[in-house]
Amino acid sequence: KTKQKIGRVSGASLELHERNNTVEIFGSDEARRKARKYVELVRAQRVGPVNVDESHDDGDLTMIAVPNNCVGFVTGSQGNFLRTCEEEW
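Note that the structure is a prediction, hence the values are computed from the model and not measured. (Residues numbered from 1 in each chain as written. Predicted model: local features only at pLDDT ≥ 70, side-chain atom pairs only at ≥ 80, totals over all residues. Heavy atoms only, no water.)

### Some thoughts on the layout of surface pockets
Sizing a probe to match a water molecule and rolling it over the atoms shows the empty space that remains.
At step 1: Counted as a void, the largest pocket has a volume near 1900 Å³.
At step 2: Taken together, 34 residues form the lining of the largest pocket, with Gln45, Leu61, Thr62, Leu82 and Glu86 sitting closest to its centre.
At step 3: Where the lining of the largest pocket is concerned, the elements lending two or more residues are helix H1 (2-10), helix H2 (29-45), helix H3 (71-75) and helix H4 (80-88).
At step 4: At 6 residues, the largest contribution of residues to the lining of the largest pocket is made by H2.
At step 5: Partitioned by chemical class, the residues of the lining of the largest pocket number 17 nonpolar, 8 polar and 9 charged.
At step 6: Elements with a minimum of two residues in the lining of the second largest pocket: H1, strand S1 (13-17), strand S2 (22-26) and H2.
At step 7: Among the residues forming the lining of the second largest pocket, the class breakdown is 7 nonpolar, 3 polar and 5 charged. (1 Å grid on protein atoms, 1.4 Å probe; cavity = no way out; pocket = protein on both sides within 12 Å on 5 of 7 lines; lining within 4 Å. Points joined across faces, edges and corners; volume = space filled by probe spheres on them. Helix = DSSP H or I, 4+ residues; strand = E, 2+ residues; numbered from the N terminus. Nonpolar A, V, L, I, M, F, W, Y, C, P; charged D, E, K, R; others polar.)

### Overview of H2
At step 1: The end-to-end C-alpha distance of H2, which contains 17 residues, comes to 25 Å, matching closely the 24 Å that a straight helix rising 1.5 Å per residue would cover.
At step 2: Taken as a whole, H2 has its buried residues at Ala31, Lys34, Ala35, Lys37, Tyr38 and Val39. (Expected span 1.5 Å × (residues − 1). Buried < 20%, exposed > 50% of the residue type's maximum accessible area, 1.4 Å probe, protein only.)

### Observations regarding the pairing of S1
At step 1: Note that S1 and S2 share 5 bridges and pair antiparallel. Following the sheet pairing, leucine 14 is matched in S2 by isoleucine 25.
At step 2: Linkage of S1 to S2, two consecutive antiparallel strands, is achieved through a turn of 4 residues, within which asparagine 21 is found at a positive phi near 55°. (Pairing = 2+ DSSP bridges.)

### Here we look at the confidence of the model for the protein chain
At step 1: Looking at the protein chain as a whole, its pLDDT mean stands at 88, while 99% of the residues score no less than 70.
At step 2: Mean pLDDT in the protein chain bottoms out at H4, which sits at 77, and peaks at S2, which reaches 95. (pLDDT = per-residue confidence, 0-100.)

Put into structure tokens, the structure is as follows:
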């Protein structure tokens, strides 16, 4: 499902090779660049917290300040509310 999301938002096609832990990315230069950025962010999430700031903005970033006491509401149970927002956008 993550592969499909990355493909949809980047405009690239991704082929996952689980045997050798690689991803092939196909598409225009811009689509491949965006897909690679998203893949790297997803991989980073698997090993620890990821911090995103304005330097990551390639015209594809919307940042919203969320007060600490609202983080649980925004993410929802197991991140479900946040995933719903991703799908609607």
